[in-house]
Amino acid sequence: MGFQAEKQVVRNFYHALDQAAVAEVPTVMAQHCSPDLLWRGFHPFGEIRGAEDVGAQFWVPLRQNLTRLQRRIDVFFAGQNRYDDPGGVWVCSMGHLMGLHDGPWLGIRPTRKMAFLRYCAFHRVEGSRITETAMYFDIPHLMLQAGLQPFPVETGAQLVQPGPMTHDGLLFAAQPEEEGTKTLAAIEAMIADLGQWDSKMALEEELARTWHDDMIWWGPSGIGATYTIERYAKQHSGPFRAAFTERSKTGHLCRMAEGHYGGFFGWPNFTARHTGGFMGMPATGKTGEFRVIDIYRRHEDKLAENWIFIDLLHFWHQQGVDILGRTTGIEQP
């Protein structure tokens, strides 16, 4: 029982990819992923089809510019997708890719110092191959480490984010099925509250239904991290709701849980119209997509920690603002 075979496929892939010389990366991708791999990444990458193309377009330039790369995993789990389309067993990995910032990846000037790229990846595994990947990564976080200022203001704290407080996020061993069921139920209860925005309850009271009071929301660079329900309501949830209207229903491609950990991603997760100031920038009145990965740790019957990856470069690009281009001086597609 469990998802041990699928986990091993991903662990074997990571080992081979991380040990390979840069020139060998496309070959490693072809060995461990299906030829028609569908890979979804943050702006400016978007969707890439084909294992070798993913290697050539994403991994080779990253490895050439963020040298001596190490994968530092904080959370690793697997699960059956609760949705039939695309369905299947998925394996999730979250942490940082750490290296020496020796080259101008995406035009971000090198510092020749240590740099951390926050990432989270969902891999759909079929047989011995990875057939689909959503890999989201916090490019603005890397920009800040290089001394750039992509956004004018953050409501939360800017940090290199640690893994779980409990240090138990690497679920390499099989987990009791009932624990994953409890975690998924907690996540879905939270989504049910979050998705309506009209509960008629005070925001802090609404949040307390599914979150511990000492929750930690590890948000993306540009928004930042925040601690406790009261500060989360003031530093993110409240300002976010005030900035947007016409929020669509939530749509995920994968939602799953194992043990005390779970998460989801969408492409996009939802859309909303930007009618109020957000991230220090004025309203545009335009509708934009939010491509998001959320990873959760459950404690008892509520959620305790949440790591969030939002493609803010994609969102602002839809609003007519090329954050990456205007910050680096290099126009992005």
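Residues numbered from 1 in each chain as written. Predicted model: local features only at pLDDT ≥ 70, side-chain atom pairs only at ≥ 80, totals over all residues. Heavy atoms only, no water.

Draft legend 1. Spotlight on empty space enclosed by the protein. Counted by the stated rule, this structure contains 6 cavities of 30 Å³ or more. Of the pockets and cavities examined, the largest cavity occupies roughly 410 Å³. If you go around the largest cavity, you meet 28 residues; those closest to its centre are Leu194, Tyr232, Arg247, Phe270 and Asp294. Among the secondary structure elements, those contributing two or more residues to the lining of the largest cavity are helix H5 (177-194), helix H6 (203-207), strand E7 (211-218), helix H7 (229-243), strand E14 (292-299) and strand E15 (302-310). With 5 residues, H7 is the single largest residue contributor to the lining of the largest cavity. Its residues assigned to classes, the lining of the largest cavity comprises 16 nonpolar, 7 polar and 5 charged. Empty space within the second largest cavity amounts to approximately 80 Å³. Together, 14 residues line the second largest cavity, and Phe13, Trp59, His123, Thr133 and Met135 are the ones closest to its centre. Looking at the lining of the second largest cavity, the elements that each hand over two or more residues are helix H1 (4-19), strand E1 (33-41), strand E5 (114-126) and strand E6 (129-137). Per-class residue counts for the lining of the second largest cavity are 11 nonpolar, 2 polar and 1 charged. (1 Å grid on protein atoms, 1.4 Å probe; cavity = no way out; pocket = protein on both sides within 12 Å on 5 of 7 lines; lining within 4 Å. Points joined across faces, edges and corners; volume = space filled by probe spheres on them. Helix = DSSP H or I, 4+ residues; strand = E, 2+ residues; numbered from the N terminus. Nonpolar A, V, L, I, M, F, W, Y, C, P; charged D, E, K, R; others polar.)

Draft legend 2. Structural context of the packing of aromatic side chains. Tallying each qualifying case throughout the model produces 34 aromatic pairs. Here tyrosine 136 and phenylalanine 265 contribute two aromatic rings whose centre-to-centre distance is 6.3 Å and whose plane-to-plane angle is 80 degrees, an arrangement assigned as edge-to-face. With tyrosine 136 in strand E6 and phenylalanine 265 in strand E11 (residues 261-265), the pair connects residues that are 129 residues apart, well separated along the chain. You can call tyrosine 136 buried: its relative accessible area is 0%. (Phe/Tyr/Trp six-rings, centres within 6.5 Å; stacked < 30°, edge-to-face > 60°. Buried < 20%, exposed > 50% of the residue type's maximum accessible area, 1.4 Å probe, protein only.)

Draft legend 3. Structural view of the nonpolar core. Formed by 102 residues in total, the largest nonpolar core has its most connected members in Met29, Trp59, Trp105, Phe122, Phe137, Ile295 and Trp316. Apart from the residues lying within four places of it in its own chain, the contact partners of tryptophan 316 are Phe151, His274, Phe278, Met279, Met281, Val321 and Ile323. (Core = buried A, V, L, I, M, F, W, Y, C linked by side-chain atoms within 4.5 Å. Contact = heavy atoms within 4.5 Å.)

Draft legend 4. Just the environment of arginine 209, in detail. The topology assignment puts arginine 209 in the loop between H6 and E7. Note: C-alpha distance between arginine 209 and alanine 189 (20 residues apart in sequence) is 8.6 Å.

Draft legend 5. Structural view of the sheet that holds strand E9 (residues 244-245). If you trace the 3 strands from one edge of the open sheet to the other, you get E9-E12-E13, paired in antiparallel fashion. Looking at strand neighbours, the two that pair on one side only are E9 and strand E13 (287-290), the edges of this open sheet. Where strand E12 (residues 270-274) and E13 come together, 4 bridges link them in antiparallel fashion. When the bridges of E13 are listed, phenylalanine 270 appears paired with phenylalanine 290. (Pairing = 2+ DSSP bridges.)

Draft legend 6. Quick look at the packing of helix H2 (residues 25-32) against helix H3 (residues 51-65). Packing of H2 against H3 brings their axes to within 8 Å, and their N-to-C directions diverge by 140 degrees. If you check the angle between H2 and H3, you find them oblique. The hand of the H2/H3 crossing is right-handed. Across the interface between the two elements, Val25, Pro26, Met29 and Ala30 of H2 pack against Ala51, Glu52, Val54, Gly55, Ala56, Trp59, Val60 and Arg63 of H3. Class assignment of the residues belonging to the contact of H2 with H3 gives a composition of 9 nonpolar, 1 polar and 2 charged. (Axes fitted to C-alpha atoms, helices over the stretch in contact; angles between N-to-C directions. Parallel < 35°, antiparallel > 145°, perpendicular 65-115°, else oblique. Left-handed = near helix turned anticlockwise from the far one by under 90°.)

Draft legend 7. H1, seen in detail. Counted at 1.5 Å a residue, the expected span for H1 with its 16 residues is 22 Å, and the 22 Å between its end C-alpha atoms agrees. Buried within H1 are the following residues: Glu6, Lys7, Val9, Val10, Phe13, Tyr14 and Leu17. Projected onto a plane normal to the axis of H1, the buried residues spread over an arc of 155 degrees and lie on a single side. Exposed residues pointing more than 90 degrees away from the buried face of H1 are listed as Ala5, His15 and Gln19. (Expected span 1.5 Å × (residues − 1). Arc of directions from axis to C-beta.)

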